Amino acid sequence: MLLNCHTYYSLRFGTIAPRTLVHTAKAKGYDYLTLTDINNTSACWDMLRECQKTGIRAVLGIDFRNGAEQQFILLAKNHNGFQRINAYLSEFLHEKATIPPTARPLADTFVIYPFHNIPARTLAAHEFIGVRSRELNRLKFSPWRKQPDKLLALHTVSFLNKKGFNTHRLLRAIDNNTLLSKLPTSEEGSEYDVLISQELLQEQFREFSELLQNTERLLQQCVFQFDFESATHNNQRCFGASEAADLQLLQTLIEKGLPYRYGNSPHDTILKRVAKELDIIQKKGFVSYFLINWHILEYARSKGYYYVGRGSGANSVIAYVLRITDVDPIELDLYFERFINLYRKNPPDFDIDFSWADRDDVTAFIFKTFKHTALITVYNTFKYRAAVRELGKVFGLPKAEIDKLSAGHYRYEQLDRLSQLVITYSKAIEGFPNYLGIHASGIIISEASIHRYTATFMPPKGFPTTQFDMVVAEDIGLFKFDILSQRGLGKIKDAVQLVQQNHPNLPPIDIHDIKRFKQDERIKTLLREAKAIGCFYVESPAMRMLLRKLQVDDYLGLVAASSIIRPGVAKSGMMREYILRHRYPERREDAHPILLDIMPETYGVMVYQEDVIKVAHYFGGLDLGEADMLRRGMSGKFRSREEFNKVKAQFFQNCLQSGKTHELTAEIWRQIESFAGYAFAKGHSASYAVESYQSLFLKAYFPLEYMVATLNNGGGFYSRELYVHEARLHNGRIFPPCVNTSEAETVIQNNKIFLGLGFLKDLEQETMRILLKERKQNGAYESLDNFMQRVPIAIEQLRILIRIDAFRFTQKAKRALLWEAHMKMTKKTTTPQAPKLFTANRVTYQLPALENGPLEDAFDALELLGFPLCDPFLLLSEEVVIPTLQARELATYLEKNIRIAGYLVAIKHTKTSQGKPMYFGTFLDQEGAFIDTVHFPPVAIQYPFQGKGIYLIEGIVSSEFDCVSIEVTKMQRLPIIPDPRYAEGMTRTRMLAKRYKNKVL
């Protein structure tokens, strides 16, 4: 008979996990449990599932509050009432409106007003007053004592004990951004709001037992059940007028799509596969799901948007025929049952990647087209270090102390009392939900109103968003449509357009001609030599080394590499084993015969999710339903569920009964577990490989255009500087931004590349917008004078443009232009000037010769762009003598100690099996070739990275599978020359003359 229970989804207020609330209430003797989180429904379905398992009657509702002030409680009699409550709360959350003191009448609901907030009117039949035990003395003298049928026993539950109350106060202080000592009591719950036993509750209301009786009668009227085990989905059932019409449309689309993919006479194998898939899709009720995806992508193609369909959906030949994916499952022997099978209870999903520039429009199209649509939320939880910082501020600790605690630089027993409390309660709230965010891609399209399942809130994106996450959505039969954003597709799209602009005489590129790309010798060379900088998924140092180790030059090899690189395979030790078996066929004999028979293509090594399922089925004797449960468990989302543990026990029992040793079974299970959260479906890897081939084709034939597209789409794994360097290696001529040539993005003219104005640090968007608009309307700028007359600009903004040499077309030195700008600009111009019929010439002044050199240009670029536009080795201090050894020579020094100079490109941090920090470094030598380094813990501590720059590296050269790297024994960052912009007179002149006597930038 608890009417007002909060979990920790009463964000920054409650302190109890849903499962804990249910089981504690059961242990304390309750038959009913009412969940009424504050302005939130996130926990409803998890709590309902747990209540049904434990035999408690669950009642769902919402506690409507403004901050901590309770206005009223709404309880749902049934599903319809729950829908109305959710819709009502959503109105306030969407508009961020204040909740009124009285509730709107809603069918199939009960309203409970707290005793301190009773409406000054006659209550309707569905309205009641909740009285707390500590308010019973006031009730004796209240006129409501004469209306006992309207009175209920109201006991609020927000915490389990005193520590829970203390935690609650800290959460309230965080929410109010105040010191704990200054937290108003009006922003707190009551210390009495703990989960007491039913006997104690009855004792507290012994004198007013009719309130308990009223409460029980009310709760008996609330009936809420849900079949979580049902395979029925609750997504939109029909795309068109009926299920029959949907099936007919799908068949028609398949007939039209088959010739596009397989020619006019598709093989019987293909037709039989289509028929089998169609039968399963129809039986599982997923016809509309395929049609909705098809419709979304038909719209995308009509708009010229690039996309990639990936995930296990690539296992479907029908998805391939409908152009949802570009992976041929027949070619790769992908079995459809990995995507959909009659045993699979949870829904399938397609992951559709769009360019970051196109995704929002596709999302808007979905919301306009389908009636009951919402984004899915994610629970952003308190992380330990963040909690330390939050609580440190709440307790008023100085920043230095908070930094020390957050970094873990302390011994607990030596801390003062406040610091110890910060540590204790940070651990207590770690994992608590902090606020609701938006899932990276998930959209649900429901048959019924979204509010039948959840209230929704309105994030800045402007689309209604559920209050439950994707796991709950799957539990209740709402499978998501994944619409993701990916900059790799933006690079491909922009590169194709740049090629058309820069090479107008070439025929249009068919970027979807993957079959041709797979046979292209240039692409094979790039793969073998791992020269794939900028290319999707294959440019990282780890992938570059893996490609060289595997000597990959074909599609299937790249598909395998895309999955092998994942942490699961590496963690299990099977990545190295796969490389050995790939390079040395005799090693394949080491594989267990059963595993080799199950996975001949991967030499008996588990690489894909499908492999794990095969092993579970054929090696572990699990049926397809159990194997699918194992697959779900591997994702990490269900690892805590008892079903997964049952599958594990069944796996070991089956292996024991079939005569396999415990040691072998344990080793195979260890490999399976290592895939948790990381395993790729083979179709997923194949989809990645398709996009890799598209980017590799552009890199092979149009490297300059592709590098420009990469720069304009935010780069990739590396910083922009490396892509500028890569363009220069392909004979690109790199120029700093120019007010007459550059756009916000980088532009290319033949082999000339003009960096975008948007690259300039501190150049304001509005300045750039006005500059470009004026140039477009009235032509190129003729001089600095002409620019200042046409563009309203602050002197600070103008200085940025001058210093980056954006006015080099004037043929004047930057120093002269800076003097000219300061003399002629007397104040900050804030508004555009009106057009003038006649333009008066500004007064000109005779200036002394003011020169600047390329070295000063390099430092200006370093400051304004973040990197110099010259060879960084030219900036080394004159006293530095660097080794002449280059990366191409390292293979001749195996197992020898060497010294080499490298320009730092990337650092990867990791930890040893003992948890000690170590690093992998990526550098460029003086010729622009890569140097790969390994920094084991002792060296990592003694010789840490010290930021961007050129390092003198000492170490032992080693080679593994033809990949050369240096095990670093010593490293130091080399000094660069003093900034010549701040050197005067003869010092500066000598520096420039000496530095550039025999060098040209």
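Residues numbered from 1 in each chain as written. Predicted model: local features only at pLDDT ≥ 70, side-chain atom pairs only at ≥ 80, totals over all residues. Heavy atoms only, no water.

Moving on, we come to the side chain of Asn234. Take Asn234: it is sitting in the loop between helix H7 (209–220) and helix H8 (243–262). What makes Asn234 buried here is its relative accessible area of 16%. Leave out the neighbours within four places in its chain, and Asn234 touches Phe226, Ser446, Glu447, Tyr453, Ile476, Gly477 and Leu478. (Helix = DSSP H or I, 4+ residues; strand = E, 2+ residues; numbered from the N terminus. Buried < 20%, exposed > 50% of the residue type's maximum accessible area, 1.4 Å probe, protein only. Contact = heavy atoms within 4.5 Å.)

As a further point, take the nonpolar core. Core analysis: the largest hydrophobic core is formed by 111 residues, its most contacted members being Leu33, Trp45, Phe64 and Phe468. Look past the residues within four positions of Phe64 in its chain and what remains in contact with it is Asn39, Glu69, Gln70, Gln71, Phe72, Leu74, Ile85, Tyr88, Leu89, Phe92 and Ile99. (Core = buried A, V, L, I, M, F, W, Y, C linked by side-chain atoms within 4.5 Å.)

Among the six residues of strand E15 (residues 481–486), five are classified as buried, and the element is accordingly described as predominantly covered. Pairing analysis gives five bridges linking strand E10 (residues 351–355) to E15, with the strands arranged parallel. Bridge pairing links Ile352 to Ile483 in E15. Note that strand E12 (residues 433–445) and E15 share two bridges and pair antiparallel. (Pairing = 2+ DSSP bridges.)

Next up on the list: the sheet that holds strand E16 (residues 733–735). Pairing is mixed in the open sheet, where three strands are placed in the order E16-E18-E17. Across the chains shown, the open sheet's two edge strands, defined by having one partner strand only, are E16 and strand E17 (747–749). The sheet shows a mean angle of 25° between the axes of neighbouring strands, direction not considered. (Axes fitted to C-alpha atoms, helices over the stretch in contact; angles between N-to-C directions.)

Following both chains from N to C, one finds helix H30 (residues 682–701) and helix H31 (residues 703–712) inclined at 125°, their axes separated by 5 Å at the closest point. Considering their axes alone, H30 and H31 lie oblique with respect to each other. Where H30 abuts H31, its residues Ser695, Leu698, Lys699, Ala700 and Tyr701 lie against Pro703, Tyr706 and Met707. (Parallel < 35°, antiparallel > 145°, perpendicular 65-115°, else oblique.)

Attention now goes to the sheet that holds strand E23 (residues 963–973). The five strands are arranged E19-E20-E21-E23-E22 in a closed barrel whose pairing can be described as mixed. Between one strand axis and the next, the sheet turns through 50° on average, direction left out of account. Here strand E22 (residues 950–960) runs beside E23; their pairing, made up of ten bridges, is antiparallel. The residue of E23 that forms the bridge with Ile953 is Met971.

The relative placement of two aromatic rings is captured by the distance of their centres and the angle of their planes. The tally for this structure, following the rule as stated, stands at 55 aromatic pairs. Seen from their ring centres, Phe479 and Phe481 are 6.4 Å apart, and the 40° between their planes marks the pair as tilted. Each of the two residues, Phe479 as well as Phe481, counts as buried. Taken together through their ring pairs, the aromatic side chains of Phe286, Tyr289, Phe290, Phe336, Phe339, Phe350, Phe479 and Phe481 make up a single cluster. One cation-aromatic arrangement involves Lys518 over Tyr555; the distance from NZ or CZ to the ring centre is 3.8 Å. Sitting over the face of the ring of Phe930, Arg544 holds its NZ or CZ atom 4.3 Å from the ring centroid. (Phe/Tyr/Trp six-rings, centres within 6.5 Å; stacked < 30°, edge-to-face > 60°. Lys NZ or Arg CZ within 6 Å of the ring centre and 35° of its normal.)

Relative to each other, helix H26 (residues 609–619) and helix H29 (residues 662–673) sit at 155°, their axes nearing to 10 Å. Accordingly, the angle class assigned to the pair H26 and H29 is roughly antiparallel. Of the two elements, H26 crosses H29, and the hand of that crossing is left-handed. Between H26, through Val612, Val615 and Phe619, and H29, the contact on the second element is made entirely by Leu664, Ile668 and Ile672. Class assignment of the residues belonging to the contact of H26 with H29 gives a composition of six nonpolar, no polar and no charged. (Left-handed = near helix turned anticlockwise from the far one by under 90°. Nonpolar A, V, L, I, M, F, W, Y, C, P; charged D, E, K, R; others polar.)

Our next topic: unusual backbone geometry. Of note, Asn39 is a non-glycine position whose phi angle comes to about 50°, a positive value. Tracing the sequence through the fold places Asn39 in the loop between strand E2 (32–35) and helix H2 (44–54). Even without being glycine, Asn750 reaches a positive phi, approximately 55°. As for its position among the elements, Asn750 is in the loop between E17 and strand E18 (752–754). Residue Asn750 is classed as exposed on the basis of its relative accessible area, which comes to 57%.

Mapped onto the secondary structure, Leu890 falls in the loop between helix H37 (854–864) and strand E19 (897–911). Linking Leu890 and Val157, residues 733 residues apart in sequence, is a C-alpha distance of 68 Å.

Attention now goes to the confidence of the model for the protein. Mean pLDDT over the protein works out to 89, with 93% of the residues at or above the 70 mark. Between residues 985–990, whose pLDDT stays under 50, and residues either more than four places distant or in other chains, the model counts seven contacts. When the criterion is pLDDT under 50, residues 996–1001 qualifies, and its contacts beyond four places in sequence or with other chains add up to seven contacts. (pLDDT = per-residue confidence, 0-100.)

Attention now moves to H30. Structurally, the α-helix is built with 3.6 residues per turn, so residues lying three or four positions apart point the same way. Taking 1.5 Å per residue, 20 residues should reach 28 Å; H30 reaches 29 Å between its end C-alpha atoms and fits that length. Most of H30 is tucked away, with 19 of its 20 residues classed as buried. (Expected span 1.5 Å × (residues − 1).)

Our next topic: the pairing of strand E1 (residues 2–5). Relative to E2, E1 runs parallel, the two sharing two bridges. Residue pairing in the sheet places Cys5 in a bridge with Leu35 of E2. The sheet contact formed by E1 and strand E8 (residues 156–157) spans two bridges and is parallel. Within E8, the residue paired with Asn4 across the bridge is Thr156.

What follows is about the side chain of Asn214. With respect to the helices and strands, the residue Asn214 is situated in helix H7. Residue Asn214 is classed as buried on the basis of its relative accessible area of 8%. Asn214 has contacts with Pro148, Asp149, Leu151 and Leu152, leaving out every residue within four places of it along the chain.

Tallying each qualifying case throughout the model produces 54 salt bridges. Residue Arg583 is joined to Asp962 by a salt bridge in which the shortest nitrogen-to-oxygen separation is 2.7 Å. Within this pair, whereas Arg583 is found in helix H24 (residues 574–583), its partner Asp962 is found in the loop between E22 and E23, the two being separated by 379 residues in sequence. Beyond isolated ion pairs, a larger network of salt bridges with shared partners links Arg803, Lys814, Asp857, Asp860 and Glu863. (Salt bridge = Lys/Arg side-chain N within 4 Å of Asp/Glu carboxyl O.)

Another point: helix H36 (residues 814–824). The set of residues buried in H36 consists of Lys814, Ala816, Leu817, Leu818, Glu820, Ala821 and Lys824. On its buried face, H36 sits against helix H34 (784–790), helix H35 (795–803) and H37.

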